[in-house]
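Overview (structure and organization)
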Amino acid sequence: MKKQPDIFSLIDKAIFDYKLIEKDDRILAGASGGKDSTVLIKYLANRRKRPDCNFEYKAINIQSDFAPPFPEKIKSFFEEWKVPFETIKVNVLERVKSGQKMNCWWCSTQRRTELLNYAIKNGYNKIALGHHLDDVLVTLLMNMLNKAELSTMIAKLKYDKYPVTIIRPLYYVFEDRIIDYAREKDFLGFTCTCNYQENSQRKNARQKLEQLTDGSFTQKQHLFNSLKNIFPEYLP
């Protein structure tokens, strides 16, 4: 039996540690066409081939009114991988309220809402997103610096008001590993090209993370591990 890629073993570990995929799950995977969600969907497609597979999944692309079309190259990969796939068009700009500025956070929130609505309407109990370890650390810095709170993305988030749980199977995976794998499999290249990404605080926080860690995997891993290695007696 062919050995699976190391990146998939990391995803397996996160799924095991946090019980992200369970028996009879129906999972909706967000598909942007970018490297992160494509790696996630490739993993789900591979996992479905396992003899002990006991879940269903579908990839959904929420396309805003100003986003470029979903990449044909990624569509062809999905067909090759036998991925159930659908695109839903959403007018995000018309939802911006008077006096409100369009930005990445707002767009992301609207697309997340559409995923949630689709999941509830069609009986999916989990939504899988392509956030990776670097995203977790960037969110940590953003919340500390901008909100004065110690919090970040978590691997498994169950909504109180809805019968849906958010899961992040790439939780243990560094972005550079995703880039290497996507380059190897020839689906690296598609990124957000909208005119509003310059408003994002996330880009600034990402630069701060690289400066803080000098881009070191070890330093980033230490930051991540510190979130699970807390000494309350040495905190205010």
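Residues numbered from 1 in each chain as written. Predicted model: local features only at pLDDT ≥ 70, side-chain atom pairs only at ≥ 80, totals over all residues. Heavy atoms only, no water.

**Observations concerning helix α5 (residues 133–147)**
Counted at 1.5 Å a residue, the expected span for α5 with its 15 residues is 21 Å, and the 20 Å between its end C-alpha atoms agrees. The buried fraction of α5 is high, at eleven of 15 residues. Backbone geometry just downstream of α5 places alanine 148 in the positive-phi region, at approximately 60 degrees. (Helix = DSSP H or I, 4+ residues; strand = E, 2+ residues; numbered from the N terminus. Expected span 1.5 Å × (residues − 1). Buried < 20%, exposed > 50% of the residue type's maximum accessible area, 1.4 Å probe, protein only.)

**Comments concerning the sheet that holds strand β1 (residues 26–30)**
The six strands lie next to each other as β3-β2-β1-β4-β6-β5, forming an open sheet whose pairing is mixed. A strand with exactly one partner marks an edge of an open sheet, and here the two such strands are β3 (85–90) and β5 (156–158). Across this sheet, the average inter-strand angle for adjacent strands is 25 degrees, counted without regard to direction. Here helix α2 (residues 35–47) sits on the sheet and contacts β1, β2 (56–64) and β4 (126–128); the angle it forms with β1, its principal contact strand, is near 150 degrees. (Pairing = 2+ DSSP bridges. Axes fitted to C-alpha atoms, helices over the stretch in contact; angles between N-to-C directions. Contact = heavy atoms within 4.5 Å.)

**Observations regarding the side chain of glutamate 114**
Counting through the fold element by element, glutamate 114 comes out in helix α4 (residues 104–122). Other than its neighbours up to four places away in sequence, glutamate 114 contacts Ile62, Val90 and Arg95.

Structural measurements only, silent on function.
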